[in-house]
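Listed below are the residues making up each chain.
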Amino acid sequence: LEKGAKVNFQSEDKGGLTPLMIAAEKGHLDVLKFLLTKKAKVNIKDSEEYHALMYGVRGGNLEIVKLLVQNKANVNLAGLDGWTPLLDAANLGYTEIVKYLLKVGAYVNDVNSYEETALILAAKNGHTSIVRILLKHGADPMLVDAEGKNALQNAEAAGHKEIIEILKKVTSKN
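Below you will find a few notes about this structure. The structure presented is a predicted model; accordingly, all values stated were derived computationally and were not measured.

1. Some remarks on the side chain of Asp-46
Right, on to step 1. Take Asp-46: it is sitting in the loop between helix H2 (29–37) and helix H3 (52–59).
Right, on to step 2. For Asp-46, the side chain forms a polar contact with the side chain of Tyr-55, separated by 2.3 Å.

2. Thoughts on the environment of His-28
Right, on to step 1. Following the sequence through the fold, His-28 ends up in the loop between helix H1 (19–26) and H2.
Right, on to step 2. Judged by relative accessible area, His-28 falls into the partly exposed class, the value being 42%.
Right, on to step 3. Taking the C-alpha atoms as reference, His-28 lies 9.6 Å from Asn-61; in sequence the two are 33 residues apart.
Right, on to step 4. His-28 has contacts with Ala-23 and Ile-64, leaving out every residue within four places of it along the chain.

3. Quick look at the packing of helix H5 (residues 85–92) against helix H7 (residues 118–125)
Right, on to step 1. H7 packs onto H5 with a crossing angle of 15° between their chain directions and a minimal axis gap of 8 Å. Accordingly, the angle class assigned to the pair H5 and H7 is roughly parallel. The interaxial crossing formed by H5 with H7 has right-handed handedness. When H5 is examined against H7, the residues Leu-86, Leu-87, Ala-90 and Asn-91 are found in contact with a partner set consisting of Ala-118, Leu-121, Ala-122 and Asn-125.

So, how was this worked out
Residues numbered from 1 in each chain as written. Predicted model: local features only at pLDDT ≥ 70, side-chain atom pairs only at ≥ 80, totals over all residues. Heavy atoms only, no water. Helix = DSSP H or I, 4+ residues; strand = E, 2+ residues; numbered from the N terminus. Polar contact = N/O pair within 3.5 Å; in protein donor to acceptor, adjacent residues only side chain to side chain. Buried < 20%, exposed > 50% of the residue type's maximum accessible area, 1.4 Å probe, protein only. Contact = heavy atoms within 4.5 Å. Axes fitted to C-alpha atoms, helices over the stretch in contact; angles between N-to-C directions. Parallel < 35°, antiparallel > 145°, perpendicular 65-115°, else oblique. Left-handed = near helix turned anticlockwise from the far one by under 90°.

This is how it looks when you write it as structure tokens:
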């Protein structure tokens, strides 16, 4: 940067990745902090429409996620096919990141282009603690994906017994 490189440079041969996105995904906290002091833009999207916060979530690093949010990363900014940071975190099983994103305003019932909610993704992938957290935060267990299946039906299809029991209790109240 001191030699004139641009902090928000988007690499054409790497799909429009910025240095901030790479640092977020790789978990390089010191590099991320440095880039942010140089006014790196946190909501720039690459060619897949992903942004630094999504790369931080995918890297599974809560400190990175927090730092990006503290620097105005939009927790509800969707990427390709409508994926949001919360959907990614729920899908990948990152419990602490899910908790944090909900705390800072992530929309609990957002859907991707397949009509999957964070609850459906967590149920489908066997992430029991995330299912509980999402339900506590108002996730709607009756929403259905593009195949017409709700979270319970997705958990049943995947054979996740504990999640099935949790969702049966919740859906019987509706």
